[in-house]
Amino acid sequence: MKLDTENLKRVASAIEGADNILCVSHVAPDGDAIGSLLGAGWILRSLGKTPTLALHDPVPEGLRFLPGAGQVIGPQDVGADYDLILCLDASSPDRMGKVYREADHAHIPLAVVDHHVTNTLFGTANWVEPGCAAACQMLVYLADALAVPLTGPLAECLLTGTVTDTLGFRTSNTSADVMEAAMRLMRGGASLPEITAQTLNRRPVRELKLWGLVLPNMQLSDGVIWVTASRAQLAAVGAEPADLRLASILVSAVEANISATFIERLDEDGEQVVECSFRAKPGFDVSGVAFELGGGGHPPASGCTLPGELEEVTSMVVAKLKAAHAAQVAAGKHP
Ligand SMILES: [Mn+2]
């Protein structure tokens, strides 16, 4: 793989020239957000730097097994005095949530390390590798550039994000380079079976109960398969929006090339919003629809959050997904 070495070096030298470094990843953090955030912390510590790790949301229960997870602070504890802000796995500034405060932080150099093709290049240094399957894969190369060995807690954190973002090395962007990075992390002591068991193969019963509630209303039309989950359904089984991790399972349907889930929730201002998650089979691309709707992501997996009623948002978005699907079929690369 050809890396953007110029911007990799730019980020590496920004790190070398800083001491107090605020590391941040995205709201509603997933395994790659947490893995890259904690991994960055371990890289900086082994360089003798002083990292502060911050997230808008708490570390999800299923990722608290990772070394260093207990040191992540919330937005209320983020100060204003840092030499550098290192932003991981976030495609736009709003993805940092309330950790990033324009008034306090705009004058601080901001290094962006991300693999989303939809990244808006909002940093003072931007290293974006859409060819990488995970931000954690990029941190393998960053560690190399900074001569930090891929061992111990660092290896465990970076393998976790690589495993979760590739759904266990199954997404269409799982390249030989991904496998090579993962292999080096395993050689450094990270356990693939243990990480897989802790992340992909682990879910609370409330999640399975929620599937039972929403799957009877699953719909399939024109190559797109989708489900909706109302706030009442979530409440009935005591589930959070993050519990409905069904999009990746739905896209396994033989009859579909694109899947979507639509989850109703209230945002922080009490307004009703719908969280939309999309998946695509290899050869199909859902990132365009997500980006058009103000979200982001990757060709095989993307999403957005929209204001409005569940039914009206669902029908508007499904129409866009169907149109994208038809256009991609017409482009002729598909059977
Ligand atoms: Mn990621």
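Presented here is an overview of the structure given in this document.

**A look at the pattern of salt bridges**
- In the structure shown here, the tally under the stated rule is 10 salt bridges.
- The partner of Arg245 in a salt bridge is Glu207, and the shortest N-O contact between them spans 2.7 Å. In this pair, Arg245 is assigned in the loop between helix H9 (231-236) and helix H10 (247-250) and Glu207 in helix H8 (residues 205-214), connecting sequence segments 38 residues apart.
- Several salt bridges converge on common partners, so that one network encompasses Arg203, Glu207 and Arg245.

**A few points about unusual backbone geometry**
- Despite not being glycine, Ala28 shows a phi value in the positive range, around 45°.
- In this structure, Ala28 sits in the loop between strand E1 (20-24) and helix H2 (31-46).
- A positive phi angle, near 55°, is found at Leu121, a position not held by glycine.
- With respect to the helices and strands, Leu121 occurs in the loop between strand E4 (110-114) and strand E5 (125-128).

**Thoughts on the side chain of Thr162**
- Locating Thr162 in the fold gives a position in helix H5 (residues 152-165).
- With a relative accessible area of 2%, Thr162 lands in the buried category.
- Excluding residues within four positions of it along the chain, Thr162 makes contact with Ala134, Cys136, Gln137, Phe169, Val178 and Leu185.

**A few points about the packing of aromatic side chains**
- Scanning the entire structure with this criterion turns up 0 aromatic pairs.
- Seen from the ring of Trp42, Arg45 lies directly overhead, with NZ or CZ sitting 4.6 Å from the centre.

**A word on the sheet that holds E4**
- In space, the 5 strands of this open sheet follow the order E2-E1-E3-E4-E5, with parallel pairing throughout. At either margin of the open sheet sits one strand with a lone partner, and together these are strand E2 (50-54) and E5. Each strand axis lies, on average, 15° off the axis of its neighbour in the sheet, ignoring direction.
- Pairing of E4 with E5, which is carried by 4 bridges, proceeds in the parallel orientation. Within the sheet, the bridge partner assigned to Asp114 lies in E5 and is Val128.
- Docked against the sheet, H2 engages E1, E2 and strand E3 (84-88), running at close to 170° with respect to E2.
- On the sheet, helix H4 (residues 135-145) packs against E3, E4 and E5 and is oriented at approximately 120° with respect to E5.

**What about the sheet that holds strand E10 (residues 296-297)?**
- Ordered by their spatial adjacency, 6 strands build an open sheet running E6-E7-E8-E9-E11-E10, and the pairing between neighbours is mixed. For this open sheet the edge positions go to strand E6 (219-221) and E10, each flanked by a neighbour on one side alone.
- With 3 bridges joining them, E6 and strand E7 (residues 224-229) adopt antiparallel strand pairing. Bridge pairing links Ser221 to Val224 in E7.

**A few points about H4**
- With 9 of 11 residues buried, H4 is to be regarded as a mostly interior element.
- Buried within H4 are the following residues: Ala135, Cys136, Gln137, Met138, Leu139, Val140, Tyr141, Leu142 and Ala143.
- Positioned one or two residues after H4, Ala147 has a phi angle of 60°, which is positive.

**Some remarks on the packing of H2 against H4**
- Orientation of H2 relative to H4, taken along the N-to-C sense of each, is 15°, at an axis distance of 8 Å. Of the possible angle classes, the one that applies to H2 and H4 is roughly parallel. The crossing of H2 and H4 is left-handed. In contact with Asp32, Gly35, Ser36, Gly39, Ala40 and Ile43 of H2, H4 contributes Ala135, Cys136, Leu139 and Ala143.

Basis of the calculations
Residues numbered from 1 in each chain as written. Predicted model: local features only at pLDDT ≥ 70, side-chain atom pairs only at ≥ 80, totals over all residues. Heavy atoms only, no water. Salt bridge = Lys/Arg side-chain N within 4 Å of Asp/Glu carboxyl O. Helix = DSSP H or I, 4+ residues; strand = E, 2+ residues; numbered from the N terminus. Buried < 20%, exposed > 50% of the residue type's maximum accessible area, 1.4 Å probe, protein only. Contact = heavy atoms within 4.5 Å. Phe/Tyr/Trp six-rings, centres within 6.5 Å; stacked < 30°, edge-to-face > 60°. Lys NZ or Arg CZ within 6 Å of the ring centre and 35° of its normal. Pairing = 2+ DSSP bridges. Axes fitted to C-alpha atoms, helices over the stretch in contact; angles between N-to-C directions. Parallel < 35°, antiparallel > 145°, perpendicular 65-115°, else oblique. Left-handed = near helix turned anticlockwise from the far one by under 90°.

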